[in-house]
Amino acid sequence: MGEFGLIRRIRNMSPGKAPRVLVGIGDDAAALKLSAQRTLLVTTDLLLENVHFDLSYTDYYSLGWKAAAVNLSDIAAMGGRPLFCLTALGIPRAFPIEFIQDFYRGFNDLLGEHRAFLVGGDTCSFRDRFVISVTAIGDAKQERIIKRSGARPGDRIFVTGTLGDSAAGMEILKRLGQRAKGKGKEEKELIERHLRPAPRLLEGRLIAASGCASAMIDVSDGLSSDLHHICEESRVGARIVNDNIPLSALLQAIAPRLSNKAVEYALSGGEDYELLFTVPQARVAKLHALGLAITEIGSIVHGSAVSLLDAAGRKSMLPPKGYDHFGTGRPVKRNKRS
Ligand code: ADP
Ligand code: MG
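Reading the values: the criteria
Residues numbered from 1 in each chain as written. Chains lettered and ligands numbered in written order. Predicted model: local features only at pLDDT ≥ 70, side-chain atom pairs only at ≥ 80, totals over all residues. Heavy atoms only, no water. Near = heavy atom within 4 Å. Polar contact = N/O pair within 3.5 Å; in protein donor to acceptor, adjacent residues only side chain to side chain. Areas by Shrake-Rupley, 256 points an atom, 1.4 Å probe, with all protein chains shown as cover. Helix = DSSP H or I, 4+ residues; strand = E, 2+ residues; numbered from the N terminus. Nonpolar A, V, L, I, M, F, W, Y, C, P; charged D, E, K, R; others polar. Pairing = 2+ DSSP bridges. Axes fitted to C-alpha atoms, helices over the stretch in contact; angles between N-to-C directions. Donors = N, O, S within 2.8 Å, 3.2 Å for Na, K, Ca; no water.

Trainee: Outline the site of ligand 1, supporting the account with residue identities and numerical values.
Mentor: With respect to spatial proximity, the complete set of residues near ligand 1 consists of Phe4, Ile7, Ile10, Ile25, Gly26, Asp27, Asp28, Asp45, Asp74, Arg148 and Ser220. Contacts to ligand 1 include aspartate 28, whose side-chain N or O atom sits 3.0 Å from an oxygen atom. If ligand 1 stood free it would expose 560 Å²; the protein chains cover 66% of that surface. Here the shell around ligand 1 gets 3 residues from one element, more than from any other, and that element is helix α1 (residues 2-13). When grouped by side-chain class, the residues that make up the shell around ligand 1 number 4 nonpolar, 2 polar and 5 charged.

Trainee: Before we move on, could you go through the sheet that holds strand β7 (residues 156-160) and cite the residues and values that matter?
Mentor: Taken in spatial order, the 7 strands of this open sheet run β8-β10-β7-β11-β9-β12-β13, and their pairing is mixed. The sheet is open, and its two edges are formed by β8 (215-218) and β13 (315-317), each paired on a single side. Put simply, the sheet's adjacent strands are angled 25° from each other on average, direction ignored. Sheet topology note: the strand β9 (residues 237-241)/strand β12 (residues 306-309) ladder contains 4 bridges and is parallel. Counted as the bridge partner of valine 241 is leucine 309 from β12.

Trainee: Please provide a residue-by-residue account of the coordination of the magnesium ion (ligand 2), values included.
Mentor: Taken together, the protein donors to the magnesium ion (ligand 2) comprise Asp28 (OD), Asp74 (OD) and Asp218 (OD), at separations of 2.0 to 2.1 Å. Mapped onto the sequence, the residues coordinating the magnesium ion (ligand 2) show the spacing D-x45-D-x143-D. A residue pair is termed long-range when its members are at least 10 positions apart, and aspartate 28 in the loop between β1 (21-23) and β2 (30-33) and aspartate 218 in strand β8 qualify at 190 residues.

In short, the description is geometric, and any link to function would need to be established separately.
This is how it looks when you write it as structure tokens:
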């Protein structure tokens, strides 16, 4: 059935529309109407040791930072502002307190950058694995919330920043483990992109405030998978131009030494936490006037097919290649993650 089939099943079991639920299961965060003026955004993510992170090459400060970043990124993907977080931990017995302190230093540093605060959680002892659950709470103006479901044929597809660095950084870490610390500046930058991603909160809010975007998601699973999520929720297809996918100079320089082509890390790698969004043609000029670091990578089409155009103009289908917790096969050698 796969992870997303399972979520669909859970969604279908939930009793239809509820008052105040503007956005329920199926988007980056739930949007809940508190009053005519106030809309609450809520999202939660689970991080499991040896599934989402590997402590043999992840320091606790970065782990805390990333646990916050993955949640704040979902608030960014709705066009919202983060306000509060809760953390629930399952901690192995005899776990040094310094590890937990480093974790919360990283966690609070990222929250501090975005003026969000830790306000609660839960703490348990849990066998021999570190388990982290983070919930983020934010707000947004109701009319500015950007869902996954608003893309229409003809809309242009954009992405912030560059894609693929995180997956390449993870491969370097996995290969080298602790020895990665001694690597050159370029490798270190890719590793940093993997360990300490920067959620695009400012970009998300500016895009939302401009009223330009019709749909938005954060790239957590990989471009191919996250684009499929937009297409499924919007009941449309998409066409991506391979050569337009933004790749950093670093990734292009280092990929020949790794096991995949640079663009494969962008399509399948995930954990970039960039924003993927669609914009009607008539609003593209207004979008560019915002001056953000964005790239147009394709367009939304009728139907449900998601395809990739190569430099020669040849079209191939683009299956969702990101990680599926209950799926099989993994095109990019990587850790299990969501
Ligand atoms: P993201 O990658 O943005 O965190 P997910 O793929 O984890 O999103 O989840 C997609 C949607 O499914 C979200 O709306 C999420 O809240 C919902 N969801 C996932 N798992 C469950 C669950 N066990 N029960 C209810 N909703 C779920
Ligand atoms: Mg998301």
